[in-house]
Protein chains: 2
Amino acid sequence: MNARSPATLVADTGRGNEAAILNAALDAFGAQGFHGASMRDVAKRAGTSLSNLYNYVPSKSRLLAEVLRRANDELAARLRAALADAGDDAASRLREAVRAYVRFIVDHQVAMVVSTNEVRYLTGADRAALVAERDATQAVFEDIVAQGVADGTFATPYPDDAARAVLTALSAVAGWYRADGRLSRGQLAEQQARYALALLEAPLAR
Amino acid sequence: MNARSPATLVADTGRGNEAAILNAALDAFGAQGFHGASMRDVAKRAGTSLSNLYNYVPSKSRLLAEVLRRANDELAARLRAALADAGDDAASRLREAVRAYVRFIVDHQVAMVVSTNEVRYLTGADRAALVAERDATQAVFEDIVAQGVADGTFATPYPDDAARAVLTALSAVAGWYRADGRLSRGQLAEQQARYALALLEAPLAR
DNA sequence: CTCGCATACGAACGATCGTTCACCACCGAA
DNA sequence: TTCGGTGGTGAACGATCGTTCGTATGCGAG
């Protein structure tokens, strides 16, 4: 297992129970939602005491912010890496971006679910930072689509909105994906890539 | 304003504050989430007392269930009506279904948001009933897609999964739609219909 | 008129919430 | 050997939670 597909989102940080606490928070928020999970739940999952959580995180909402920041960083890193290895044409760049996105969902489904469902409970600077990171990710897709529309690869009449439609359909995969489902990792990625290209009205092999 | 586009999801029920309470619950759950909103919040929004809520609903989770049931009923009724008026060919049936869905989102955005985000907090029979209704809605779309694939209208190689992709992209619209946005109701519906047809790989006017 | 039910209310219950506190064990540096 | 910082604990704080209770008011049926 390499660095791009860890079993847990947060690897050991070299600081006591920090990684265990962050991963436990992710699981707890994923299972019961931010307001449905208590700090006691997080502590129990992390195998430590309630009060010890506050040696690592100043509050529950900052705990959510920290977890979401790490999840988003990992997704952004994967997208960057995938696009660095991709070619120059819009179709293959989009394909690689979609594949990287799907693989992130498969590897970190809970992180993706929490990311989409619980961001809205953040406030102030924490929320602004997350939204900015998410906008940056969206811009990556918009740029690819714009490039494809410019050179005639994509025929969609609504480039920016179509890019968003692709992204939302993609992140919704986290809501229904099951590891024991009919499709393998690769098949799922391939399927979603085809949906994305079709939605953008790229000519497809029929 | 006709019966298909009410200002609030629940019209007067002829029973005291019932409608006000259900609509207030919808707003409260939409604004703060199921666990983030308290029964006191609901009471305040409904303009009544906390204890009076329990003259209408036996528990908070049943309140959520009741609200979601009514939302889903309204959506299903609109879909049925739209398809009754539609033609026989798969493309126009899909178009009408998508348009009805989008119009429901525009009219009852909060209901759609709560429906997708908070169903998971239901348990037992309440959850099962909702899931069954949702599966029925999905089956409507799957049937249309299957018909279109059978007669050659749609070229997608993954009919059922594509139908689900269309549906999830569609319901995600509730997450970002803004009434003061760039697109009108009709334009938004038209756009989403085009996305759906493209995703299903229907031949489009280019 | 009066009885019964529907509708409504404030106050309170026990439970659980996020957070803080005082305290303890360990350990590398001075 | 002392000492400050790091990682850890159980107990407790005040606040808020969902829910219940006792009671009051108004109104249609008998």
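Computed from a predicted model, the values in this text were never measured in an experiment.

Regarding the protein's contact with DNA strand C
Taken together, 19 residues sit near DNA strand C, with Lys60(A), Thr48(B), Ser51(B), Asn55(B) and Tyr56(B) positioned nearest. Measuring from a phosphate oxygen of DNA strand C, one finds a side-chain N or O atom of Asn52(B) at 3.1 Å. The separation between a phosphate oxygen of DNA strand C and a polar side-chain atom of Tyr56(B) is 2.3 Å. Partitioning the surface near DNA strand C into residue classes produces five nonpolar, 10 polar and four charged.

A look at the nonpolar core
What tends to happen in soluble globular proteins is that the nonpolar side chains get buried as a cluster. Ranked by internal contacts, the top residues of the largest apolar core, which has 78 residues, are Leu94(A), Phe141(A), Leu94(B) and Phe141(B). Once residues within four sequence positions are removed from consideration, Leu94(A) is found in contact with Phe141(A), Ile144(A), Phe154(A), Ala196(A), Leu197(A) and Leu200(A). In this structure, Leu9(B), Ile21(B), Leu68(B) and Leu122(B) belong to the second largest nonpolar core, which totals 31 residues.

Structural notes on the interface of chain B and chain A
For interface size, the figure often reported is the accessible area lost on association. If you look at the interface, chain B gives 33 residues, while chain A gives 33 residues. Buried area between chain B and chain A, summed over both chains or domains, comes out near 2,800 Å², and the portion from carbon and sulfur atoms is 51%. Interface area lost by chain B to chain A is led by Arg120(B), Tyr195(B) and Glu201(B), which between them contribute 21%. The interface formed by chain B and chain A holds six salt bridges in total. At the boundary of chain B and chain A, one finds 12 residue pairs in polar contact (both at pLDDT 80 or more). Looking at the side of chain B that touches chain A element by element, the count peaks at eight residues for helix 7 (residues 159–176) of chain B. A per-class count over the side of chain B that touches chain A returns 16 nonpolar, nine polar and eight charged.

So, the relation of the copies chain B and chain A
In screw terms, the move from chain B to chain A is a rotation of 180 degrees and a rise of 0.0 Å along the axis, fitting with an RMSD of 0.0 Å. Such a turn and shift between the copies fits a two-fold axis. Both copies share a contact surface, since 100% of the interface residues of chain B are interface residues in chain A too.

Focus: the protein's contact with DNA strand D
Close to DNA strand D lie 18 residues; Thr48(A), Ser49(A), Ser51(A), Tyr56(A) and Lys60(B) are nearest. Here the atoms of DNA strand D within 4 Å of the protein split so that 51% fall in sugar or phosphate, with bases taking the remainder. At 2.5 Å from a base oxygen of DNA strand D is found a side-chain nitrogen or oxygen belonging to Ser51(A). Between DNA strand D and Tyr54(B) there is a distance of 2.9 Å, counted from a phosphate oxygen to a side-chain nitrogen or oxygen.

A few points about the pattern of salt bridges
Counting across every chain of the model gives 28 salt bridges over all chains. The shortest N-O distance in the salt bridge between Glu190(B) and Arg95(B) comes to 2.4 Å. Residue Glu190(B) is found in helix 8 (residues 185–199), and its partner Arg95(B) is found in helix 4 (residues 90–107); the two are separated by 95 residues along the sequence. Three or more residues are tied together by salt bridges with common partners; here these are Glu66(A), Arg69(A), Arg70(A) and Asp73(A).

Regarding helix 5 (residues 109–118) of chain B
In terms of residue burial, helix 5 of chain B counts as a mostly covered element, since eight of its 10 residues are buried. Within the sequence span of helix 5 of chain B, burial applies to Gln109(B), Ala111(B), Met112(B), Val113(B), Val114(B), Ser115(B), Asn117(B) and Glu118(B). Buried residues belonging to helix 5 of chain B abut helix 5 (109–118) of chain A together with helix 1 (18–32), helix 3 (60–85), helix 4, helix 6 (124–150) and helix 7 of chain B.

A closer look at helix 8 of chain B
With 15 residues, helix 8 of chain B extends 21 Å from end C-alpha to end C-alpha; this agrees with the ideal 21 Å at 1.5 Å per step. Listed in full, the buried residues belonging to helix 8 of chain B are Leu188(B), Ala189(B), Gln191(B), Gln192(B), Ala193(B), Tyr195(B), Ala196(B), Leu197(B), Ala198(B) and Leu199(B). Looking at the buried positions of helix 8 of chain B, the neighbouring elements they touch are helix 7 (159–176) and helix 8 (185–199) of chain A together with helix 4 and helix 7 of chain B. Among the residues trailing helix 8 of chain B, Glu201(B) stands out with phi positive, at a value near 60 degrees.

Section: the packing of helix 1 (residues 18–32) of chain A against helix 5 of chain A
Residues and elements named next belong to chain A. Remark: helix 1 packs on helix 5, axes separated minimally by 9 Å, with the N-to-C direction vectors making an angle of 60 degrees. On the basis of their axis angle, the class for helix 1 and helix 5 is oblique. Read as a crossing pair, helix 1 and helix 5 show a hand that is left-handed. Between helix 1 and helix 5, the residues in contact are Leu26, Asp27, Phe29 and Gly30 and Val110, Ala111, Val114 and Glu118, respectively.

Cut-offs and rules
- Residues numbered from 1 in each chain as written.
- Chains lettered and ligands numbered in written order.
- Predicted model: local features only at pLDDT ≥ 70, side-chain atom pairs only at ≥ 80, totals over all residues.
- Heavy atoms only, no water.
- Near = heavy atom within 4 Å.
- Polar contact = N/O pair within 3.5 Å; in protein donor to acceptor, adjacent residues only side chain to side chain.
- Nonpolar A, V, L, I, M, F, W, Y, C, P; charged D, E, K, R; others polar.
- Core = buried A, V, L, I, M, F, W, Y, C linked by side-chain atoms within 4.5 Å.
- Buried < 20%, exposed > 50% of the residue type's maximum accessible area, 1.4 Å probe, protein only.
- Contact = heavy atoms within 4.5 Å.
- Buried area = accessible area lost by both parts, 1.4 Å probe.
- Salt bridge = Lys/Arg side-chain N within 4 Å of Asp/Glu carboxyl O.
- Helix = DSSP H or I, 4+ residues; strand = E, 2+ residues; numbered from the N terminus.
- Least-squares fit on C-alpha atoms with pLDDT ≥ 70 in both.
- Expected span 1.5 Å × (residues − 1).
- Axes fitted to C-alpha atoms, helices over the stretch in contact; angles between N-to-C directions.
- Parallel < 35°, antiparallel > 145°, perpendicular 65-115°, else oblique.
- Left-handed = near helix turned anticlockwise from the far one by under 90°.

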